[in-house]
Every structure is written in C-alpha cells, then in structure tokens.
There are 6 protein chains.
Amino acid sequence: MPDTIYVINPQSTLATTQGIDRACEPLRMAGGPLIECVTLADGPPSIQSERDADSVAAPLARLVADAERRVAAFVVACFGDPGLHAAREATRKPVLGVTESGFLAALMLGHRVGVIGMLPALIPRHSRSIRAMGIGERYAGERAVSLNIAHAPEEARTLHRMIEVARELREQDRADALVMGCVGFAQYRERIERAVGIPVVEPTQAAIALAIGRVRLGW
Amino acid sequence: MPDTIYVINPQSTLATTQGIDRACEPLRMAGGPLIECVTLADGPPSIQSERDADSVAAPLARLVADAERRVAAFVVACFGDPGLHAAREATRKPVLGVTESGFLAALMLGHRVGVIGMLPALIPRHSRSIRAMGIGERYAGERAVSLNIAHAPEEARTLHRMIEVARELREQDRADALVMGCVGFAQYRERIERAVGIPVVEPTQAAIALAIGRVRLGW
Amino acid sequence: MPDTIYVINPQSTLATTQGIDRACEPLRMAGGPLIECVTLADGPPSIQSERDADSVAAPLARLVADAERRVAAFVVACFGDPGLHAAREATRKPVLGVTESGFLAALMLGHRVGVIGMLPALIPRHSRSIRAMGIGERYAGERAVSLNIAHAPEEARTLHRMIEVARELREQDRADALVMGCVGFAQYRERIERAVGIPVVEPTQAAIALAIGRVRLGW
Amino acid sequence: MPDTIYVINPQSTLATTQGIDRACEPLRMAGGPLIECVTLADGPPSIQSERDADSVAAPLARLVADAERRVAAFVVACFGDPGLHAAREATRKPVLGVTESGFLAALMLGHRVGVIGMLPALIPRHSRSIRAMGIGERYAGERAVSLNIAHAPEEARTLHRMIEVARELREQDRADALVMGCVGFAQYRERIERAVGIPVVEPTQAAIALAIGRVRLGW
Amino acid sequence: MPDTIYVINPQSTLATTQGIDRACEPLRMAGGPLIECVTLADGPPSIQSERDADSVAAPLARLVADAERRVAAFVVACFGDPGLHAAREATRKPVLGVTESGFLAALMLGHRVGVIGMLPALIPRHSRSIRAMGIGERYAGERAVSLNIAHAPEEARTLHRMIEVARELREQDRADALVMGCVGFAQYRERIERAVGIPVVEPTQAAIALAIGRVRLGW
Amino acid sequence: MPDTIYVINPQSTLATTQGIDRACEPLRMAGGPLIECVTLADGPPSIQSERDADSVAAPLARLVADAERRVAAFVVACFGDPGLHAAREATRKPVLGVTESGFLAALMLGHRVGVIGMLPALIPRHSRSIRAMGIGERYAGERAVSLNIAHAPEEARTLHRMIEVARELREQDRADALVMGCVGFAQYRERIERAVGIPVVEPTQAAIALAIGRVRLGW
C-alpha cells in the first residue's frame, strides 16, 4: 500500500479543506504518496487570533497521535503553523508546517521574501515564526489584504487585493519572491505571479512537495 | 487605591505560586504597586511540553480579560511565556512575559546570555522565543538540569544541578550572564551567582521589576 | 536607611538636572529607593560633540568613586552614555546608562526602535553604542530635531519638532517604538506618544526603573 | 509525455553518474517526472579545485541550452554548485544546485547545519555559497573526510571516515543536522544518520525532490 | 630590484587596461613597488555574464602561475572578482580582488556601502560576493547604470548616469559611502563624489593601495 | 613637498613611540608620504583603563587641530582607538584608528579574526569597537597576554605569551587570522605568524598602509 501524507486543516471550515484539496491535485502522482486532506473538527471555524491559533494544539496533537500508524507524514495546513510543535511531540513521523515550508521554498526563488497576509492581527505571529528560524535577514515583511476571507470569499475582490499587496511588497519592501500567507487560494497563485512578475509560492503546495521528498527518502 | 500587578502562575500547582510569591517580596514597596500572585486553576499542574504550553492560552486570556478593570499590569510567570500573545490580545494593559523580561534584564549584565533550563523538551520552545526577538546573536544557549522538579523538589539536589549547569554554560558556551529558565526558585539565585561568579537573573523578578516601571510611567 | 539611586547629570547645566529630577517623580515610592539627582560640576554645560562626551569620563569616575559608599546604584543621565564605562571601572555598584536602558525598555514595546535625537553630530556616537550591544538588527535609526535645545528651550517649537521627527521615524524608517535621545524632556513623552500612536520611552525614566529593580534584587 | 528532470554530473567520471542515478531511484514514481542522469563529457574527471569548478561553466551552459526544449528542470549534481549561475543564464527552466537544495532541506531538520565534506581545499568555496545565501547564522561549518574518493572508493574506509567527521560536527561544532558535501554516496546516508543520531541529508536527493515539486507546480 | 604588483585585466579589451593603468598613476611612488598592468589575452572582450566571469578562471590561473616568480602581488582588476579564487590556488603570493578591496576600503568611509554597477545582469553575482564576506549587514545594494559601456564609452552620458545612480543609492538605499562597480573609470571618481557629497571608492585603486601595504609588510 | 602622515602615540611613553616608529620603516618609500611619529605629551604613560582611554580625547583633538594644516592624514596609534572620534571632529583630514584598520586588513586574510590583547580590562572596550562596526559576525574574540608590558618589556616572555594566546585563539576560538591588539611590537609579528601558521596583522602598520592609499588617492 502506498504511503499517505495527511494534510490537516486545523480550521473546521470544510470549504477551506476543499480549497486545500484542490491545491494538492498537481502533486498527486501515480506511484507517489497518497495525499489525504482532513478537517480538524474541533478547530475553530477560522483562525483569526493568537488565541485561536493556540487552541488548536490539543485536538491537533490528538488527531496526529491517532493517525500516526497509518500515515507517513503530516502537513499542518494553516499559515502561522498553529499547533505545529505540539503535533511534532505527538509523533515520530515528519510534521511539516506551511509557513516554514513556504518560506524555505521561496528562499530558492529570490533573496528577499515577502508574505501576502490575510489579517493584520496575525502578522506578529508570522514574523515571530520566521525570525525564530534564524533567517530574518531574508524576510521582507508581511502585508495583509485585510479582507475577512473566511466569511466573504468574493473571488474577484480577493484576487485584486492580493495583487495590490504583492505589488507593495515588491515596490516598497523590495521583495523579489513572495509566499501566500494563507491556505485554500492556490488557484490565485499563478495569476498573482504573472501580475507582479516575481515568483509566488503557495505554502500548502510547498509543504506537500517537501513531504513527498521526505516520505520517499526516509528523512 | 494603589495600582495592582497581577502575577499569574499558569500552572495549577499552588506550591509554585507560593514560590513566585516569595520571589515578589523584595519588590513590594509601601508606596509602590500591589503585587498579587494568582494561580490559573484551569492550567496543567506543570507545563512540560509544547502542548501543555499551548493549552494555557484560552483560560489565561479569560482570566486576563476578567481581571483587566482592576489590574494595572500582568506578568505571565512561566518560562517559555505560554499564552503570552493570547493574553496580550485580551487586554490593553501591559502583559509581560518572564522569558522576554529575564532575557532583556540579562542583556544589561553580560554579553552572552545562557539559560539554566529544567527540561530538555522545552529548550526548542525557549530558543524560538529568544531568536524571534532578534537578539539570537547574544544567546549562548540553554542547558537543562533534567530534574522533574514539579514532582521532586529536593532542595539540595536541585541547587547542585543548577550550579553544574550554570558552570557548563559559562565554560562551554561562554555565557557571561545567566537567566534561570524556571520560576519559583528565586531563593537559589544568589547562591548560583556566587558559585559561578557571573550574574544570574531570576526571570519573574525581572518581569515584575519591569512591570513596576511600566505601571508608574504609564507605558 | 533606604537605598539611594544617584542620578548624575554629566552636563553642568542646572536646568537640565531639574528636568531630570522632575522625570524621577513617578518613580519615587514610599518604601522604595531614594532617587537623588546631582550635577557634575566639572562637566561641560552641554555635551555637543564626541570630545565633550569623552571629557566627562574623569570627573564622573571621581564623583562615582567618592559617592560609592552611600549609594546603591548610579544612573548616568545623558544620552550617548558619556563616561559610562569609566564610571563602571570606578565602583562595584551598578552603573546604568540611559541609552542602553532606554533601548532595552523599548525592545519590549516594539520590534524596530527609532531614536528622536537632538543634534546630528551625535548620531554616529549613539549608533555605535547601539550596534555595539549586538542588537543593531532592531535599530531603525536616529533622526535629530536639530535644535540647539540647551540654549533655546522654547517649549512649543521643541515639542513640535520632536513630533515631526517621531513621524518620520515611524513612516520612513518603519520604527514601531521610539526612545527619546535626550534627557530632561520627560514632560513631552506622553504627548509625542499620543501624536504618533506608537510607544515612546523616556530614557532616564527607563534607567531609573531598571535601577530600582537592581537595587531591590541585588543584581 | 511526462516531464523530465535532467540531473547533470559536471564531472566526466561515469561511476559518479551511476552513483547519482542510484540516488534518484526512490524519487522515481510511475506518474511523476522522468529523472534522467547525464554526464558532462567536457567536465574534468573530478572537481578538486576552484579552477576545476569554474571550468565547468561553459560546457554546462551549452548542455543546458541544448537540452532546454525537452527538459522541465535541471539539477547540477556536484557539491559546490559549479557552473550553477552560468547554467541559470542559459535557460528559463529551473536549475537547482545541490548545495543550495541540500542546505535548505536540512534547515527543516535541525537548527545548526554541518557539512560532511570531501576535500579541505573546497571548504572555502562551499562556505562562500552558504554565506552568500544569507543563512550563515545556521551554518555549523564543514569538515572534510580528506580521502581522495574519486580515485580510491574503498567503501568501508570512506563510510568510517564520514561517520567520524559527522561525529565531530555534532560534538565540536554543535551541528544538529548534516548535509553530505558530496554526490554519489547516497547509499551511506542512512548508516551515517543511524551512527550519529541526527538527521543527514543527501544533497542530490534533496535537489531532485525540490525539482519534482517545482515541475509539478510550475514554479 | 623593486617589487612588482601585477594588475591583470581579465577582459581582453586594451582600452580597459589603459584606463586601469591611468588609475594606478597616483599609487606609483619612487621607492615603492612597480605597478604593471597586463591584459588577459584569452579573456572575453568584456565580462557581461556569469559564464563570461567563470570562463576567466583557467587562463587567469595560468597567467598567475607563469608570472609568480617575478611578481610580489596580483590584483584581478574586474568587478565581481572573476577567477579570483582559482588565481589564489595558483600562487602563494597575495592575489587581491577589486570587489573585496573596494568594499573593505569603503567600510572605513561610511556605514552603509552602495555599489554603482554597470549591468543589471551582474548584480546578483556581486551581491553573492559581498554577502559571502559576512558583511552583508553593511551592504546598501547595487544599482546599475545599464549602459553597454564596453561598446559605447561616451563620456558625458556615462558620467551623468553614474551620478544619477549614485544619488539613488544615497537617497533610496541610504548609502553613505559608494564603490564604483566597474574598472577603468577612475577619472570619474572625484566628480561623482563631489556631485553626491558622500565618499566614492574606485576599486582598482583600493586594491592596489592594499597590495602596496601587503608587499611592503610581507603579509 | 611630500605629504605627511602623522602617527600619534596617545600614550606619553617615548619607548612606545620608538617602537611605533620602527614599525613604520617598511612603509617609508622615497616618493611616498613622509611618516612622522609623535608622542602625545599630555597622554597617560600607558592606557590601561576606560578612563585612561577617554582622557586622551581633549589633548589629542588639540594636537590634531594644531597640526592639520601641515598634515595629510593622521593615525591614532593605540589599540582601542582612544580619542579617535574626537580627533575626527577636529579636522577634515582622514584620521585612521588602528583597531578599525587592523581589523579591516585582517578581513582580507581570514574569515574569523581574533585579537591578541594585552590587558583583560580593555577587552570589553575593543569588543564594543569591533561590534559597533557591524562586523561582529567575523570576530572570533580577544584573549589577553596579561603582562604589564608598559613596565616590564622582557622580550622573550612577551613573545612567548603572545604565541600562546595566538594558539588559543586559533584552537579554541577558531580564528584563522589575527590582529595584534597592541602597538609597538611589530618586531614580533612575523615570529607569531610563523609559530601559529595563520596570518597576523600589526595594526599600526595596517593603518599606515591604508593612510598612504588615502593620501595618494584623495579620499
């Protein structure tokens, strides 16, 4: 039986899991690991605060511990990597965070990496994660689209704001590579990239791509 | 009525709160802020993992929000600053973490700051906090006494191990100032300092001292 | 008899010492250390150059050595910390500099710290102090009001320029916390803070607050 | 027709290409990209000096330009990434270097990354590459096995020396993750990892894993 | 017989060597080392790409090895230091690169050093060199005049563009010292410096000045 | 009339000036700048403390201002660069410090630069200077011979201790280039270099060599 990568949406909103699932499509290969997307039923509908983020740790760790035997690697699919370290305690299998993975992938594509964020309130959390990695020198900063995307996913407006923010990161913060600071919007990645002319990484895809390597190579 | 500084022990063990309370004694001044120590009843008996640390966020934020009106500043008295950022979301009053405060205080006393830790499992968490502050250049590292102090507080043995670890930080990691990476052991501070000959900061005391300044000065 | 903190104005202008003295007021607490402000009679009327700053070392060290027995801690109350290291050689008691203290205090309040300076000629000196602390990564830079404040303390104009400079630090240098790069103007702190909407630290107050902690805690 | 990843051995020794080819095996998936290993006929038999490394640029760029139309991504499979930047000029397709890729992969697995090198003469070149990435803070250094592996591939002795060097990196340089600073020795990876107890990355495998992601995701 | 410093133009264009030779004039002193400028006949007419730069290594190393016996020190006179490390392998005599030397000289003259470049395509190469030196913190960046100077040396236009770029580096990148990122234009140095009001270093001159010291002092 | 470089010994001990004068010998060239060594009569016999160092500023600035008209560049010849910034205020001519110059020269010769110091009490001062330059990443640290050299210049013992300290810097602090943290001992440079096998820079010589370049080139 093939290996399975478990991509966990720690927000309980199914529509987000569906967006994540679509993002996985290009990475599903015959002969490659299965990629299964699940929703953390006990998570908040949407993570909009530090407290929301921390609340995920316990149920996420339980889900990871329960699934460990039949899973080869986990991806925590929420920007800001909520519960990531608690999940790592709960298993010896690899657990990848999308912030960490997205940022590392972007380091290949440019020198100064900017983040297209959703909510201003979460920027400090993301900055702490990135600085804690010791690669703050390459962090151009994050700017937020400031749309309440969970509740109002009007496609055109969201894409438009993401492109605006991407341009500010390029112009004002001198980013030359970008990471999307959100999940479930992989369908916009290429359009943003074309609009601003610098590489854009979708972080769940980055994490899954890295997870495939780790599963196949055993590290 | 004087200002009150609320020192919250996010671990539910009363003995720890009592140790914290004794640490406050030298900072209680007739005309200064009241310093009140409370126990987070809904916290785990002892924080020994990432998951324990994250579990504190929700009840801590509730306690902070409830107390806000009658309190001038909060101190989260647990090394690793669990729930600190969630607590800050819950109030406009200052919320100080002991890791942050202890480390900043030690920056005055030496160039390379080492941490006398308790449990190896929490070292990565502490390191992330310190690096996220952008002062990793001055972090000599943490070494743990590796005693399960919550359950076996044999004084002589604990002090002995703390001094051993402090010596290793000085000799092998070239630390020239130390922070105790735990709370409730303020009574050992001076003895460790004398034994190793470099300054040692007790982090709850450092946080309360900073909190007094902030309360009196209004920032 | 209570402990005494000696706040030394290394400039011989009494009006500056009086401004410093007013800044101490909120930190004088019944039961807390006495805070005594003194003027260095042999200092220059105002420190406006590197040479002025270095000239302070010898008389300051003498004053510190003479006062050591009856004093628990010293604060050198002049931005740029002139003579600080010579003073430290002259005593085993803590000697705090306002640059170091103000900057450390601001590290709690924001990620990029800017300095509201007085004279352009002293900016390189201040920058060297801050970079020498190994926290240059968090230094947003200094901008000077460029008023000869020692000789023309017209209140409205000074405050107006400080606010202008504070705005430039926030807008152009992306500072999110500020330190006043001068002493004796504590009365403007709150008004600047309100005008620019980010925290502002008055460095003598920051140093005294830290000194109170060190005196009470014995480090 | 499936996408092809072209893994170029810039050294003209076929045995090395065969070693590289074996390293690809776990990353060949039925529905995934083809992974084709080729030898740069005009390269030196073995790259043992800066000059050897620079000599590769012109023929490598020609090979890349010639193959561009039928290839989705290139991997330059020689530690030190010789000719990497010249190759990137010659095509709009992704060109991955094994040094860059191996180091980025190791950043996920530990905080301080050490390199198990082959020849002391090439250490400065590798260090420049890693520092130029702006992640020098996480570089624990490189130590060389100092065997002339190209000419004397005695398996037992090579593995033994690699493990010795890996131990020194862990003990003396405090590395907690390692990259093999060579190609064609993937078969030793797991044994080294087991012997020293910290993660070990084989850099060609790391590069190909990243290349698969980039090919599938279009960045 | 006096010592000789060999200044090698790795580009085969004689006019460039003549410009380099004029730059040496102020450093020729009776009793000092002879300064001899030579052209690398096998170099490309002009180095405009990574591949051009790497192509220089082999012929340059040969020239260095051949000249070693009668030469006291070498300068590789092309910004980006092509072939520098290969040349160092070929001799025990000092080999100085102009990028390294120009940047070090500028570190004396300002805190943030900017580079007046020629071609955008070479900026990444130069940035890698500077970051690899571990002094990236002081690098304000490079901006290119984007003139094809090798083929169209119209003096007035070139100088005009250099001054424009110098102003942008000062204004937008906050450089307070500049290095010319090219050779053979020493005659513009002073005019650029006067126009922008911050120090400007000509890198071949900087390298030769350093080489004189090394030759006389034996290191 | 040729240009003159004024090398000022800020310590009033003539024997030190004589040692400095001998160090200049290799840099005196028939057609080059005159190199004149002078003693600061008002300086302390030997600089052994922060206070000694600061005391030099006023008389040094006077000497520099007085000599400005007939001098092309100044060198302050005392490790720790006492009074350097005050001297720079007193003239528009270049003023070079030996700490800054020695360290920059050593950056060409190795990656991690260590300092062979004299007195432990001055190490913090030197460290601040080097960190303030923003190149602390390349500073391996200083170790002191701890001989009171001013009063007991027994040659054999001094050289012996310098070599011991140089070995410790290489072995324990992993320095691969060294600066002598003192002046007047140029005669030992080569012997230390030979004994430890890594490059050693004598800082007064480094400063004068840089000064010659600046005088000849006009920056």
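Throughout what follows, the structure given in this document is the object of discussion. (Residues numbered from 1 in each chain as written. Chains lettered and ligands numbered in written order. Predicted model: local features only at pLDDT ≥ 70, side-chain atom pairs only at ≥ 80, totals over all residues.)

Quick look at the environment of Tyr188(D)
All names here are of chain D. For Tyr188, the position within the fold is in the loop between β7 (177-180) and α8 (189-196). Spatially, the C-alpha atoms of Tyr188 and Ile163 are 9.4 Å apart, while their sequence positions differ by 25 residues. Sequence-distant contacts of Tyr188, defined by excluding residues within four places in its chain, comprise Leu159 and Met162. (Helix = DSSP H or I, 4+ residues; strand = E, 2+ residues; numbered from the N terminus. Contact = placed C-beta atoms within 7 Å.)

A word on the sheet that holds β7(D)
All names here are of chain D. Pairing within the open sheet is parallel, and its 4 strands lie in the order β6-β5-β7-β8. Only two strands of the sheet have a single neighbouring strand rather than two, namely β6 (139-144) and β8 (200-201). Where β7 lies against β8, 2 bridges are found, and the strand directions are parallel. Looking across to β8, one finds that Val179 is bridged to Val201. Its contacts with the sheet place helix α7 (residues 155-171) against β5 (113-117), β6 and β7, and it is angled at close to 155 degrees to β5. (Pairing = 2+ DSSP bridges. Axes fitted to C-alpha atoms, helices over the stretch in contact; angles between N-to-C directions.)

Description of the interface of chain C and chain F
The interface is formed by 18 residues belonging to chain C together with 18 residues belonging to chain F. Secondary structure elements with two or more residues in the side of chain C that touches chain F: α2 (50-55), α3 (57-67), α4 (84-89) and α6 (123-132) of chain C.

Concerning the sheet that holds strand β7 (residues 177-180) of chain E
All names here are of chain E. The strand order across the open sheet formed by 4 strands is β6-β5-β7-β8, and the pairing between neighbours is parallel. Edge positions in the sheet fall to β6 (139-144) and β8 (200-201), since each has one partner strand and no second. The sheet contact formed by strand β5 (residues 113-117) and β7 spans 4 bridges and is parallel. Paired with Val115 across the two strands is Val179, which belongs to β7.

Here we look at the relation of the copies chain F and chain E
Screw-axis analysis of chain F against chain E gives a translation of 0.0 Å along the axis, an RMSD of 0.0 Å, and a rotation angle of 180 degrees. Given the turn and translation reported, the copies of this chain are related as if by a two-fold rotation axis. A share of 96% of interface residues in chain F that are also interface residues in chain E marks the association as one of identical surfaces. (Least-squares fit on C-alpha atoms with pLDDT ≥ 70 in both.)

Some points on the interface of chain F and chain E
Contacts between the two partners involve 28 residues from chain F, matched on the other side by 27 residues from chain E. Taken together, the elements giving at least two residues each to the side of chain F that touches chain E come down to α5 (98-107) and α9 (203-217) of chain F. No other element matches α9(F), which puts 7 residues into the side of chain F that touches chain E. A per-class count over the side of chain F that touches chain E returns 16 nonpolar, 7 polar and 5 charged. (Nonpolar A, V, L, I, M, F, W, Y, C, P; charged D, E, K, R; others polar.)

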